[in-house]
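Geometric and topological summary
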Amino acid sequence: MKLKQLQHLAYGIATFVPGVNDLHLKGRGGTDSARYCYSVWLRHLVMAKKNGLNPDPKIVAELGPGNSLGVGLAALIAGGDKYFAFDVVEYANAEKNQKIFDELVELFKNRTPIPGEDEFPQVKPCLEEYEFPAYILDENRLQYALEPSRIEKIRNSIGDFQHKDSLIQYKATWYDTSGLEKESVDMIYSQAVLEHVDDLEGTYRAMYLWLKPTGYISHQIDFKCHGTADDWNGHWAHSDLMWKLMRGSQPYLINREPHSTHIKILSEAGFKIICDLKYELESRFTTSELAPKFKSISGDDLIISDAFIQAVKKTEGNYRSR
Ligand SMILES: C[S@@+](CC[C@H](N)C(=O)[O-])C[C@H]1O[C@@H](n2cnc3c(N)ncnc32)[C@H](O)[C@@H]1O
(Lines give C-alpha, C1' and ligand atoms only; values in the text may rest on other atoms or scores of the structure.)
Protein backbone atom coordinates (compact mmCIF):
# COMPACT_ATOMS: atom_id res chain seq x y z
CA MET A 1 0.00 0.00 0.00
CA LYS A 2 1.32 3.46 -0.93
CA LEU A 3 2.10 6.13 1.67
CA LYS A 4 -0.75 8.59 1.03
CA GLN A 5 -3.30 5.80 0.82
CA LEU A 6 -2.05 4.47 4.16
CA GLN A 7 -2.21 7.91 5.79
CA HIS A 8 -5.77 8.45 4.56
CA LEU A 9 -6.80 4.99 5.64
CA ALA A 10 -5.44 5.61 9.14
CA TYR A 11 -7.21 8.96 9.29
CA GLY A 12 -10.50 7.55 7.95
CA ILE A 13 -10.51 4.85 10.59
CA ALA A 14 -9.60 7.40 13.29
CA THR A 15 -12.68 9.49 12.38
CA PHE A 16 -14.87 6.79 13.90
CA VAL A 17 -13.55 8.10 17.25
CA PRO A 18 -15.87 10.93 18.37
CA GLY A 19 -14.25 14.38 18.15
CA VAL A 20 -11.56 13.55 15.57
CA ASN A 21 -13.58 15.01 12.69
CA ASP A 22 -14.17 18.28 14.54
CA LEU A 23 -10.44 18.75 15.07
CA HIS A 24 -9.56 18.14 11.45
CA LEU A 25 -12.38 20.13 9.85
CA LYS A 26 -11.06 23.40 11.24
CA GLY A 27 -8.91 25.03 8.62
CA ARG A 28 -9.81 23.39 5.31
CA GLY A 29 -10.06 25.27 2.05
CA GLY A 30 -8.49 28.30 0.39
CA THR A 31 -11.06 30.96 1.25
CA ASP A 32 -9.00 32.05 4.28
CA SER A 33 -7.27 34.50 1.94
CA ALA A 34 -8.99 37.64 0.59
CA ARG A 35 -6.75 37.59 -2.49
CA TYR A 36 -7.82 33.99 -3.23
CA CYS A 37 -11.52 34.95 -2.91
CA TYR A 38 -11.05 38.02 -5.11
CA SER A 39 -9.23 35.94 -7.72
CA VAL A 40 -11.89 33.23 -7.75
CA TRP A 41 -14.82 35.64 -8.05
CA LEU A 42 -13.23 37.65 -10.85
CA ARG A 43 -12.27 34.48 -12.75
CA HIS A 44 -15.93 33.35 -12.74
CA LEU A 45 -17.01 36.82 -13.91
CA VAL A 46 -14.38 37.07 -16.66
CA MET A 47 -15.41 33.65 -17.96
CA ALA A 48 -19.09 34.64 -17.82
CA LYS A 49 -18.42 37.73 -19.91
CA LYS A 50 -16.32 35.73 -22.36
CA ASN A 51 -19.12 33.19 -22.75
CA GLY A 52 -21.86 35.77 -23.29
CA LEU A 53 -23.37 35.32 -19.81
CA ASN A 54 -24.45 38.10 -17.45
CA PRO A 55 -21.31 39.49 -15.71
CA ASP A 56 -23.44 41.53 -13.27
CA PRO A 57 -25.50 38.92 -11.39
CA LYS A 58 -27.57 40.49 -8.62
CA ILE A 59 -28.72 37.40 -6.73
CA VAL A 60 -26.00 34.79 -6.34
CA ALA A 61 -25.75 31.45 -4.55
CA GLU A 62 -22.64 29.48 -3.70
CA LEU A 63 -22.18 25.83 -2.83
CA GLY A 64 -19.41 25.00 -0.35
CA PRO A 65 -17.85 28.37 0.53
CA GLY A 66 -15.54 26.66 3.06
CA ASN A 67 -13.44 28.62 5.53
CA SER A 68 -14.93 32.02 4.78
CA LEU A 69 -17.73 33.60 2.76
CA GLY A 70 -15.11 35.68 0.93
CA VAL A 71 -16.05 34.75 -2.64
CA GLY A 72 -19.67 35.68 -1.98
CA LEU A 73 -18.59 38.89 -0.23
CA ALA A 74 -16.61 39.75 -3.38
CA ALA A 75 -19.81 39.12 -5.39
CA LEU A 76 -21.72 41.56 -3.17
CA ILE A 77 -18.98 44.20 -3.25
CA ALA A 78 -18.85 43.96 -7.06
CA GLY A 79 -22.53 44.89 -7.28
CA GLY A 80 -24.58 41.97 -5.99
CA ASP A 81 -27.76 42.48 -3.97
CA LYS A 82 -28.06 39.16 -2.17
CA TYR A 83 -25.82 36.17 -1.48
CA PHE A 84 -26.90 32.68 -0.40
CA ALA A 85 -24.28 30.20 0.82
CA PHE A 86 -24.86 26.46 1.29
CA ASP A 87 -22.36 24.20 2.97
CA VAL A 88 -22.45 20.95 4.91
CA VAL A 89 -20.07 22.10 7.64
CA GLU A 90 -20.19 25.44 9.45
CA TYR A 91 -16.69 26.87 9.05
CA ALA A 92 -17.24 30.58 8.54
CA ASN A 93 -17.22 32.96 11.52
CA ALA A 94 -18.09 36.67 11.64
CA GLU A 95 -14.67 37.92 12.74
CA LYS A 96 -12.83 36.18 9.93
CA ASN A 97 -15.42 37.29 7.37
CA GLN A 98 -15.21 40.92 8.49
CA LYS A 99 -11.43 40.93 8.12
CA ILE A 100 -11.64 39.36 4.65
CA PHE A 101 -14.41 41.76 3.69
CA ASP A 102 -12.30 44.83 4.58
CA GLU A 103 -9.36 43.45 2.58
CA LEU A 104 -11.64 42.74 -0.38
CA VAL A 105 -13.00 46.29 -0.40
CA GLU A 106 -9.42 47.58 -0.66
CA LEU A 107 -8.65 45.19 -3.53
CA PHE A 108 -11.64 46.49 -5.49
CA LYS A 109 -10.94 50.14 -4.60
CA ASN A 110 -7.36 49.74 -5.89
CA ARG A 111 -8.55 48.00 -9.07
CA THR A 112 -6.05 45.28 -8.18
CA PRO A 113 -5.13 42.91 -11.03
CA ILE A 114 -6.52 39.38 -10.67
CA PRO A 115 -4.04 37.24 -8.69
CA GLY A 116 -2.86 34.75 -11.28
CA GLU A 117 -0.97 31.52 -11.80
CA ASP A 118 2.22 32.70 -10.11
CA GLU A 119 0.36 33.33 -6.84
CA PHE A 120 -2.24 30.57 -7.07
CA PRO A 121 -0.80 27.91 -9.39
CA GLN A 122 -3.48 25.35 -8.49
CA VAL A 123 -6.48 27.61 -9.05
CA LYS A 124 -8.54 27.17 -12.20
CA PRO A 125 -9.83 28.40 -14.55
CA CYS A 126 -6.69 29.98 -15.95
CA LEU A 127 -7.37 33.24 -17.77
CA GLU A 128 -5.86 34.71 -20.92
CA GLU A 129 -4.92 37.81 -18.95
CA TYR A 130 -5.07 38.94 -15.33
CA GLU A 131 -5.45 42.72 -15.64
CA PHE A 132 -8.24 44.27 -13.54
CA PRO A 133 -11.33 43.63 -15.72
CA ALA A 134 -12.36 47.28 -16.18
CA TYR A 135 -14.41 46.25 -19.22
CA ILE A 136 -16.73 44.47 -16.73
CA LEU A 137 -16.27 46.59 -13.60
CA ASP A 138 -16.21 49.99 -15.28
CA GLU A 139 -16.11 53.27 -13.39
CA ASN A 140 -19.92 53.64 -13.34
CA ARG A 141 -20.42 50.20 -11.88
CA LEU A 142 -17.63 50.68 -9.34
CA GLN A 143 -18.95 54.06 -8.26
CA TYR A 144 -22.30 52.47 -7.48
CA ALA A 145 -20.78 49.31 -6.02
CA LEU A 146 -18.29 51.00 -3.68
CA GLU A 147 -20.64 53.70 -2.41
CA PRO A 148 -19.89 53.91 1.37
CA SER A 149 -23.46 53.32 2.65
CA ARG A 150 -23.76 50.26 0.41
CA ILE A 151 -20.45 48.87 1.67
CA GLU A 152 -21.56 49.50 5.26
CA LYS A 153 -24.83 47.64 4.64
CA ILE A 154 -22.97 44.59 3.34
CA ARG A 155 -20.55 44.72 6.29
CA ASN A 156 -23.47 44.86 8.74
CA SER A 157 -24.96 41.76 7.16
CA ILE A 158 -21.92 39.68 8.11
CA GLY A 159 -22.75 37.59 11.13
CA ASP A 160 -26.40 38.67 11.04
CA PHE A 161 -27.57 35.88 8.78
CA GLN A 162 -30.86 35.35 10.63
CA HIS A 163 -32.08 38.93 10.12
CA LYS A 164 -34.66 39.23 7.37
CA ASP A 165 -32.87 42.26 5.86
CA SER A 166 -29.45 40.62 5.85
CA LEU A 167 -27.91 40.53 2.38
CA ILE A 168 -26.29 37.21 3.31
CA GLN A 169 -28.00 33.91 4.05
CA TYR A 170 -25.65 31.13 5.19
CA LYS A 171 -26.97 27.62 5.64
CA ALA A 172 -24.37 25.33 7.10
CA THR A 173 -26.42 22.24 6.43
CA TRP A 174 -28.62 21.79 3.43
CA TYR A 175 -30.06 18.58 2.03
CA ASP A 176 -33.07 19.48 -0.06
CA THR A 177 -34.41 22.09 -2.42
CA SER A 178 -36.23 24.09 0.26
CA GLY A 179 -33.26 26.42 0.89
CA LEU A 180 -34.21 28.83 -1.87
CA GLU A 181 -37.28 30.02 -3.73
CA LYS A 182 -37.89 28.52 -7.14
CA GLU A 183 -36.39 30.53 -10.05
CA SER A 184 -34.96 33.25 -7.80
CA VAL A 185 -31.20 33.25 -8.50
CA ASP A 186 -29.14 34.80 -11.32
CA MET A 187 -25.99 32.75 -10.84
CA ILE A 188 -25.05 29.65 -8.85
CA TYR A 189 -21.35 28.93 -8.56
CA SER A 190 -18.83 26.77 -6.73
CA GLN A 191 -15.09 26.41 -6.56
CA ALA A 192 -13.59 22.97 -5.84
CA VAL A 193 -16.85 21.68 -4.34
CA LEU A 194 -18.84 19.49 -6.74
CA GLU A 195 -16.21 16.74 -6.52
CA HIS A 196 -17.12 16.47 -2.82
CA VAL A 197 -20.91 16.41 -3.10
CA ASP A 198 -22.41 12.98 -2.36
CA ASP A 199 -25.80 13.54 -3.99
CA LEU A 200 -24.88 14.98 -7.38
CA GLU A 201 -28.26 14.31 -9.01
CA GLY A 202 -30.15 16.06 -6.20
CA THR A 203 -27.71 18.96 -6.19
CA TYR A 204 -27.92 19.64 -9.94
CA ARG A 205 -31.72 19.31 -9.70
CA ALA A 206 -31.81 21.83 -6.84
CA MET A 207 -29.69 24.26 -8.86
CA TYR A 208 -32.03 23.91 -11.82
CA LEU A 209 -35.01 24.66 -9.62
CA TRP A 210 -33.42 27.69 -7.91
CA LEU A 211 -32.10 29.30 -11.09
CA LYS A 212 -34.06 31.99 -12.94
CA PRO A 213 -34.83 31.08 -16.58
CA THR A 214 -32.19 33.68 -17.57
CA GLY A 215 -29.62 32.52 -14.99
CA TYR A 216 -26.55 30.34 -15.24
CA ILE A 217 -24.34 28.01 -13.23
CA SER A 218 -20.57 28.34 -13.04
CA HIS A 219 -18.50 25.56 -11.47
CA GLN A 220 -14.86 24.70 -11.14
CA ILE A 221 -14.45 20.96 -10.45
CA ASP A 222 -11.24 19.21 -9.41
CA PHE A 223 -11.24 15.49 -10.30
CA LYS A 224 -7.86 14.77 -8.70
CA CYS A 225 -7.36 12.44 -5.75
CA HIS A 226 -7.12 15.17 -3.05
CA GLY A 227 -4.18 13.45 -1.39
CA THR A 228 -5.81 10.03 -1.15
CA ALA A 229 -3.22 8.42 -3.45
CA ASP A 230 0.34 8.95 -4.64
CA ASP A 231 -0.81 9.47 -8.25
CA TRP A 232 -3.21 12.28 -9.11
CA ASN A 233 -5.82 9.77 -10.37
CA GLY A 234 -4.93 6.91 -8.01
CA HIS A 235 -8.27 7.27 -6.19
CA TRP A 236 -9.89 5.40 -9.08
CA ALA A 237 -7.71 2.39 -8.30
CA HIS A 238 -8.97 2.03 -4.69
CA SER A 239 -11.60 -0.66 -4.10
CA ASP A 240 -15.01 0.29 -2.66
CA LEU A 241 -14.13 -1.25 0.70
CA MET A 242 -10.83 0.64 0.89
CA TRP A 243 -12.67 3.85 -0.02
CA LYS A 244 -15.29 3.29 2.67
CA LEU A 245 -12.59 2.93 5.29
CA MET A 246 -10.71 5.96 3.98
CA ARG A 247 -13.86 8.05 4.24
CA GLY A 248 -14.57 6.84 7.76
CA SER A 249 -17.21 9.09 9.30
CA GLN A 250 -16.07 12.30 7.60
CA PRO A 251 -19.02 14.47 6.51
CA TYR A 252 -17.57 14.52 3.00
CA LEU A 253 -14.54 13.27 1.10
CA ILE A 254 -14.64 13.12 -2.71
CA ASN A 255 -17.32 11.39 -4.75
CA ARG A 256 -14.79 10.02 -7.32
CA GLU A 257 -17.18 10.85 -10.18
CA PRO A 258 -15.32 11.66 -13.41
CA HIS A 259 -16.00 14.55 -15.77
CA SER A 260 -18.49 12.69 -18.01
CA THR A 261 -20.75 11.89 -15.02
CA HIS A 262 -21.16 15.60 -14.28
CA ILE A 263 -21.92 16.31 -17.94
CA LYS A 264 -24.51 13.53 -18.03
CA ILE A 265 -26.21 14.53 -14.78
CA LEU A 266 -26.34 18.21 -15.53
CA SER A 267 -27.74 17.57 -19.01
CA GLU A 268 -30.38 15.25 -17.56
CA ALA A 269 -31.24 17.92 -14.97
CA GLY A 270 -32.11 20.28 -17.86
CA PHE A 271 -28.94 22.32 -18.41
CA LYS A 272 -27.32 23.27 -21.69
CA ILE A 273 -23.55 23.58 -21.52
CA ILE A 274 -22.08 26.90 -22.64
CA CYS A 275 -18.48 26.30 -21.60
CA ASP A 276 -16.68 23.08 -20.72
CA LEU A 277 -13.03 23.95 -20.28
CA LYS A 278 -11.08 20.78 -19.58
CA TYR A 279 -7.57 20.41 -18.13
CA GLU A 280 -5.63 17.21 -18.64
CA LEU A 281 -2.82 15.37 -16.89
CA GLU A 282 -0.99 12.23 -17.93
CA SER A 283 -2.16 8.97 -16.40
CA ARG A 284 0.24 6.30 -15.15
CA PHE A 285 -2.67 3.87 -15.07
CA THR A 286 -4.49 2.19 -17.90
CA THR A 287 -8.22 1.70 -17.36
CA SER A 288 -7.67 -2.05 -16.83
CA GLU A 289 -5.60 -1.25 -13.73
CA LEU A 290 -8.43 0.66 -12.05
CA ALA A 291 -10.84 -0.71 -9.43
CA PRO A 292 -13.73 -2.74 -10.96
CA LYS A 293 -16.14 0.18 -10.54
CA PHE A 294 -13.96 2.43 -12.73
CA LYS A 295 -12.69 -0.03 -15.36
CA SER A 296 -15.25 1.22 -17.85
CA ILE A 297 -14.15 4.85 -17.44
CA SER A 298 -13.39 6.45 -20.82
CA GLY A 299 -9.87 7.31 -21.96
CA ASP A 300 -10.89 10.98 -21.81
CA ASP A 301 -12.14 10.78 -18.23
CA LEU A 302 -8.94 9.05 -17.16
CA ILE A 303 -6.87 12.13 -18.02
CA ILE A 304 -9.26 15.01 -17.22
CA SER A 305 -7.97 16.47 -13.95
CA ASP A 306 -10.10 19.64 -13.73
CA ALA A 307 -12.98 21.28 -15.56
CA PHE A 308 -14.63 24.67 -15.58
CA ILE A 309 -18.26 24.43 -16.61
CA GLN A 310 -20.83 27.13 -17.25
CA ALA A 311 -24.37 26.18 -18.25
CA VAL A 312 -27.83 27.66 -18.72
CA LYS A 313 -31.31 26.19 -18.59
CA LYS A 314 -32.35 24.48 -21.77
CA THR A 315 -35.15 26.30 -23.53
CA GLU A 316 -37.61 24.89 -26.01
CA GLY A 317 -35.31 26.07 -28.80
CA ASN A 318 -32.27 24.45 -27.27
CA TYR A 319 -34.09 21.16 -26.90
CA ARG A 320 -35.06 21.25 -30.57
CA SER A 321 -31.54 21.98 -31.76
CA ARG A 322 -29.98 19.09 -29.85
C1 LIG B 1 -12.23 21.93 -0.86
S2 LIG B 1 -13.43 22.84 0.03
C3 LIG B 1 -13.59 24.24 -1.05
C4 LIG B 1 -13.95 25.45 -0.30
C5 LIG B 1 -13.97 26.75 -1.11
N6 LIG B 1 -14.97 26.73 -2.13
C7 LIG B 1 -12.61 27.07 -1.68
O8 LIG B 1 -12.54 27.43 -2.87
O9 LIG B 1 -11.65 27.00 -0.94
C10 LIG B 1 -14.91 21.91 -0.25
C11 LIG B 1 -16.14 22.53 0.38
O12 LIG B 1 -17.29 21.80 -0.10
C13 LIG B 1 -18.19 21.67 0.98
N14 LIG B 1 -19.14 20.60 0.68
C15 LIG B 1 -18.98 19.25 0.69
N16 LIG B 1 -20.13 18.64 0.36
C17 LIG B 1 -21.03 19.62 0.12
C18 LIG B 1 -22.41 19.64 -0.26
N19 LIG B 1 -23.09 18.50 -0.45
N20 LIG B 1 -23.03 20.83 -0.40
C21 LIG B 1 -22.36 21.99 -0.20
N22 LIG B 1 -21.06 22.04 0.16
C23 LIG B 1 -20.41 20.87 0.32
C24 LIG B 1 -17.28 21.43 2.17
O25 LIG B 1 -17.90 21.57 3.42
C26 LIG B 1 -16.19 22.47 1.90
O27 LIG B 1 -16.58 23.71 2.40
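Keep in mind it's a predicted model, so treat the numbers as computed, not measured.

**Some points on the environment of Leu 241**
Counting through the fold element by element, Leu 241 comes out in helix H9 (residues 240-247). Note: C-alpha distance between Leu 241 and Leu 277 (36 residues apart in sequence) is 33 Å.

**Some thoughts on the site of the ligand**
The immediate surroundings of the ligand are formed by 18 residues, with Gly 30, Tyr 36, Gly 64, Asp 87 and Gln 191 found nearest. Within the contact set of the ligand, an oxygen atom lies 2.8 Å away from a backbone nitrogen or oxygen of Gly 30. For the ligand, an oxygen atom lies 3.4 Å from a polar atom in the backbone of Gly 66. Out of a free accessible area of 590 Å², the ligand has 92% covered by protein chains. Looking at side-chain class alone, the shell around the ligand contains ten nonpolar, seven polar and one charged residues.

**With respect to helix H7 (residues 148-157)**
Listed in full, the buried residues belonging to H7 are Arg 150, Ile 151, Ile 154 and Ser 157. Across the axial projection of H7, the buried residues extend over an arc of 120°, all falling on one side. Those residues of H7 hidden inside the fold are in contact with helix H4 (70-77), helix H5 (94-109), helix H6 (139-145) and strand E3 (168-171). Gly 159, located one to two residues past H7, shows a positive phi value of around 85°.

**Regarding the nonpolar core**
Where a protein is soluble and globular, its nonpolar side chains tend to be buried together. Of all hydrophobic cores here, the largest spans 54 residues; its most connected members are Trp 41, Leu 69, Leu 104 and Phe 108. At the level of secondary structure, the elements contributing two or more residues to this core comprise helix H3 (34-50), H4, strand E2 (82-86), H5, H7, E3, strand E4 (185-191) and strand E7 (304-313). With eleven residues, H3 is the largest single contributor of residues to this core.

**Re the packing of H4 against H5**
Following both chains from N to C, one finds H4 and H5 inclined at 45°, their axes separated by 10 Å at the closest point. Between H4 and H5, the angle falls in the class oblique. For the element pair H4 and H5, the recorded crossing hand is right-handed. Two secondary-structure elements touch here, H4 through Gly 70, Leu 73, Ala 74 and Ile 77 and H5 through Asn 97, Ile 100, Phe 101, Leu 104, Val 105 and Phe 108. When grouped by side-chain class, the residues that make up the contact of H4 with H5 number eight nonpolar, two polar and no charged.

**Concerning the side chain of Glu 62**
Relative to the helices and strands, Glu 62 is located in strand E1 (residues 59-63). No salt bridge is formed by the buried Glu 62; the nearest opposite charge belongs to Arg 43, separated by 13 Å. Engagement of the side chain of Glu 62 in a polar contact is seen with the side chain of Tyr 189, the distance being 2.8 Å. Look past the residues within four positions of Glu 62 in its chain and what remains in contact with it is Val 71, Gly 72, Tyr 83, Phe 84, Ala 85, Phe 86 and Tyr 189.

**Let's talk about a nonpolar patch on the surface**
A surface patch of nonpolar side chains, about 390 Å² in accessible area, is lined by Ile 13, Phe 16, Leu 241 and Leu 245. Note that Phe 16 resides in the loop between helix H1 (3-14) and helix H2 (20-25). Residue class for Phe 16 comes out exposed when judged on its relative accessible area of 51%.

**Looking at the sheet that holds E4**
Strand order in the open sheet made by the seven strands is E3-E2-E1-E4-E5-E7-E6, with mixed pairing throughout. Whereas interior strands pair on both sides, the edge strands pair on one side only; in this sheet they are E3 and strand E6 (271-280). Taking each pair of neighbouring strands and ignoring which way they run, the sheet shows an average axis angle of 10°. By the bridge criterion, four bridges tie E2 to E3 in an arrangement that is parallel. What sits directly across from Phe 84, in E3, is Gln 169. H3 contacts E1, E4, strand E5 (211-222), E6 and E7 of the sheet and is inclined by roughly 125° relative to E4. Each of E5, E6 and E7 touches helix H10 (residues 259-269); the most contacted strand, E6, lies at about 170° to it.

**A closer look at the side chain of Thr 228**
Mapped onto the elements, Thr 228 comes out in the loop between E5 and H9. Using a relative accessible area of 0% as the deciding quantity, one classes Thr 228 as buried. In this view, Thr 228 contacts Lys 4, Gln 5, His 8, His 235, His 238, Trp 243, Met 246 and Leu 253; residues no more than four positions away in its chain are not counted.

The rules behind each value
- Numbering of residues begins from 1 in every chain and follows the order in which that chain's sequence is written.
- The model is predicted, so local features are restricted to residues of pLDDT at least 70 and side-chain atom pairs to those at 80 or more, both for listing and for counting; the totals for chains, interfaces and linings are taken over all residues.
- Each side-chain value is derived from all of the structure's non-hydrogen atoms; neither hydrogens nor water enter the calculation.
- The helix and strand labels rest on DSSP assignments: H or I over at least four residues marks a helix, E over at least two residues marks a strand, and numbering proceeds from the N terminus.
- Neighbouring residues are identified by heavy atoms, a residue being near a molecule or strand if any of them is within 4 Å of it.
- The term polar contact refers here to a pair of N or O atoms within 3.5 Å; inside protein, the definition further demands a hydrogen-donor-capable atom paired with an acceptor-capable atom, and it admits residues adjacent in sequence only when both atoms are side-chain atoms.
- Note on areas: these come from Shrake-Rupley sampling with a 1.4 Å probe, and a residue is covered only by the protein chains present in the view.
- Note on residue categories: nonpolar means Ala, Val, Leu, Ile, Met, Phe, Trp, Tyr, Cys or Pro, charged means Asp, Glu, Lys or Arg, and polar means any other residue, Gly included.
- For every residue, the accessible area obtained with a 1.4 Å probe (protein chains only) is divided by the maximum for its type, and the residue is called buried under 20%, exposed over 50%, and partly exposed between those limits.
- Directions are taken from the helix axis to each C-beta atom, and the arc is the one they span.
- Here, two residues are considered to be in contact whenever any of their heavy atoms come within 4.5 Å of each other.
- Nine residue types can take part in a nonpolar core, namely buried Ala, Val, Leu, Ile, Met, Phe, Trp, Tyr and Cys, and a core is a set of them joined through side-chain atoms within 4.5 Å.
- An axis is simply a line fitted to the C-alpha atoms; with a helix, the fit covers only the stretch in contact. Between two such axes, the angle follows the N-to-C directions and lies from 0 to 180 degrees.
- If an angle is under 35 degrees, it is roughly parallel; if it is over 145, roughly antiparallel; if it lies from 65 to 115, roughly perpendicular; otherwise it is oblique.
- Note on convention: near helix rotated counterclockwise from far helix by under a right angle means a left-handed crossing. Clockwise means right-handed.
- In this tally, Asp and Glu contribute negative charge and Lys and Arg positive charge; neither His nor the terminal groups of the chain are included.
- The term salt bridge refers to a pairing of a side-chain nitrogen on Lys or Arg with a carboxyl oxygen on Asp or Glu at a separation within 4 Å.
- Grouping into patches uses exposed residues only, defined as over 30% relative accessible area, and leaves out salt-bridged ones; the cut-off is 9 Å for like charges and 5 Å for nonpolar side chains (Val, Leu, Ile, Met, Phe, Trp, Tyr).
- Strand pairing requires that DSSP identify at least two bridges connecting the strands.

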